Amino acid sequence: MKLKDKVAIITGATSGIGKAIADRFASEGAHVVVNYRPKPGNSEKASQQIASYSTRALAFEADVSERASIEKMVAAAVSEFGRLDIVVNNAGIEIERPFLEVSDEEWHKVMALNFYGPFVLSQAGARQMVSQGGGGKIINISSVHEDIPFPNYTPYCASKGGIRMLMRNLAVELARYKISVNNIAPGAIATPINQQVLEDPQKTANALEEIPWGRFGRPEEVASVAAFLASDEAEYVTGSTYYIDGGLTQQVTKY
Ligand code: BGC
């Protein structure tokens, strides 16, 4: 077991990549705080999820675009398990809209959840880790779009580009406390965020044309890299982005 008795907070942990990470961490022996957003049915879903774990876990409702909710969640993790070792900033949204039509409201909504939230949780989490005497892991689930453009998704790409520099800066600043900071940049993974594409054969075919590996990724494939980065084996790994994209970022000029 890679993560025996470690305490981890994972945001957006009841679906897609976040759920796969929470499941994997629990199976590796971690105590997981399964964060879910306020939405009817989510509380029951999260409770069922943690009931299936063999380690003690906590389901926690929090809007992770707000400081007060995030700080409450960190406090709850510490009061329940006595410490905090791992933070996974996973929750995120995307809105498809041509740049010329993007509203302020849309911009702020995406930025609040995808960029401000990870800033606050990384800060609150790192403060706790430092107060415990140091040591810890911060992992951001960014996207291949922390690096490559995605037309009609400007706020999303800007938030992910921001997360790239947040990670690199924190990796340098927090190294003295032995807190490592890394990003995982998934490509097209079969999760609810890609539901529309997966349900449309033409869109699926277009997406597959851009993926040398010839298929969508699975959430579990992202979770296995997260488990490595969260483990002691990754002791010397900090300040990097790990692409899990079937080669998507290796753009080929086709003309
Ligand atoms: C986006 C997906 C997209 C994938 C590859 C992800 O970050 O959330 O919508 O399919 O990147 O472009």
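Residues numbered from 1 in each chain as written. Predicted model: local features only at pLDDT ≥ 70, side-chain atom pairs only at ≥ 80, totals over all residues. Heavy atoms only, no water.

To continue, consider the overall build of the protein chain. Looking only at helices and strands, the protein chain features eight helices and seven strands. Relative to its length of 255 residues, the protein chain is compact, with a C-alpha radius of gyration of 18 Å against a globular reference of 18 Å. Over its C-alpha atoms, taken along the principal directions, the protein chain stretches across nearly 55 × 40 × 40 Å. In the protein chain, buried positions account for 49% of the 255 residues. Long-range pairs, those at least 24 residues apart, make up 73% of the contacts in the protein chain between residues at least 6 apart in sequence. (Helix = DSSP H or I, 4+ residues; strand = E, 2+ residues; numbered from the N terminus. Rg over C-alpha atoms; globule rule 2.2 N^0.38 Å. Buried < 20%, exposed > 50% of the residue type's maximum accessible area, 1.4 Å probe, protein only. Contact = heavy atoms within 4.5 Å.)

Before going further, it helps to examine the site of the ligand. Close to the ligand lie Glu94, Ser143, His145, Phe150, Tyr156, Gly187, Ala188, Ile193, Asn194 and Leu248, which account for all nearby residues. Here asparagine 194 contributes a side-chain N or O atom positioned 3.0 Å from an oxygen atom of the ligand. For the ligand, whose accessible area on its own is 310 Å², the fraction buried by protein is 87%. Here the residues of the shell around the ligand are counted per class, giving five nonpolar, four polar and one charged. (Near = heavy atom within 4 Å. Polar contact = N/O pair within 3.5 Å; in protein donor to acceptor, adjacent residues only side chain to side chain. Areas by Shrake-Rupley, 256 points an atom, 1.4 Å probe, with all protein chains shown as cover. Nonpolar A, V, L, I, M, F, W, Y, C, P; charged D, E, K, R; others polar.)

It is worth spelling out the packing of aromatic side chains at this point. If you walk through the whole model with that rule in mind, you get two aromatic pairs. Here tyrosine 116 and phenylalanine 119 contribute two aromatic rings whose centre-to-centre distance is 6.0 Å and whose plane-to-plane angle is 50°, an arrangement assigned as tilted. Of this pair, tyrosine 116 and phenylalanine 119 both sit in helix α4 (residues 104-131), separated by three residues, roughly a single helical turn. Here the aromatic rings of phenylalanine 150 and tyrosine 153 are separated by 4.0 Å at their centres, their planes lie at 15°, and the arrangement is stacked. Among the residues examined, phenylalanine 150 registers a relative accessible area of 28% and is labelled partly exposed. (Phe/Tyr/Trp six-rings, centres within 6.5 Å; stacked < 30°, edge-to-face > 60°.)

The side-chain alternation of strand β4 (residues 86-89) yields two buried faces, one formed by Ile86 and Val88 and the other by Val87 and Asn89. Pairing between strand β1 (residues 7-10) and β4: three bridges, direction parallel. Of the residues in β4, the one forming a bridge with isoleucine 9 is valine 87. Regarding topology, α4 serves as the crossover connection from β4 to the parallel strand β5 (residues 136-141), and that connection is right-handed. (Pairing = 2+ DSSP bridges. Right-handed = clockwise from strand over helix to strand, strands pointing away.)

Attention now moves to the layout of surface pockets. Volume-wise, the second largest pocket comes out at about 360 Å³. If you go around the second largest pocket, you meet 17 residues; those closest to its centre are Gly136, Lys137, Lys178, Ser180 and Glu235. Among the elements of the structure, β5 and β6 (179-186) are those that each provide at least two residues to the lining of the second largest pocket. Each residue belonging to the lining of the second largest pocket can be placed in one class, and the counts come to five nonpolar, five polar and seven charged. (1 Å grid on protein atoms, 1.4 Å probe; cavity = no way out; pocket = protein on both sides within 12 Å on 5 of 7 lines; lining within 4 Å. Points joined across faces, edges and corners; volume = space filled by probe spheres on them.)

Attention shifts here to the nonpolar core. Of all hydrophobic cores here, the largest spans 33 residues; its most connected members are Ile10, Ile21, Phe25, Val32, Val34, Val88 and Ile184. Of all the secondary structure elements, the ones that give two or more residues to this core are β1, α1 (16-27), β2 (31-36), α2 (42-51), β4, β5 and α8 (219-230). With residues near it in sequence (within four places) discarded, isoleucine 184 still touches Ile139, Asn140, Ile141, Ser142, Ser143, Val222, Val225, Ala226, Leu229, Tyr242 and Ile244. (Core = buried A, V, L, I, M, F, W, Y, C linked by side-chain atoms within 4.5 Å.)

What follows deals with the confidence of the model for the protein chain. Close inspection of predicted coordinates is inappropriate for parts of the model with low pLDDT. Averaged over all residues, the pLDDT of the protein chain is 97; the fraction at 70 or higher stands at 100%. Between the elements of the protein chain, mean pLDDT differs from a low of 93, seen in helix α6 (residues 195-198), to a high of 99, seen in β4. (pLDDT = per-residue confidence, 0-100.)

On to the pattern of salt bridges. In total, this model carries twelve salt bridges according to the counting rule given. Between lysine 2 and glutamate 233 there is a salt bridge, with its nearest N and O atoms 3.7 Å apart. Taken as a pair, lysine 2 in the segment before β1 and glutamate 233 in the loop between α8 and β7 (241-244) lie far apart in primary sequence, 231 residues in all. Put simply, glutamate 106 and arginine 97 hold a salt bridge, and the shortest N to O gap is 2.5 Å. Among the residues examined, arginine 97 registers a relative accessible area of 29% and is labelled partly exposed. (Salt bridge = Lys/Arg side-chain N within 4 Å of Asp/Glu carboxyl O.)

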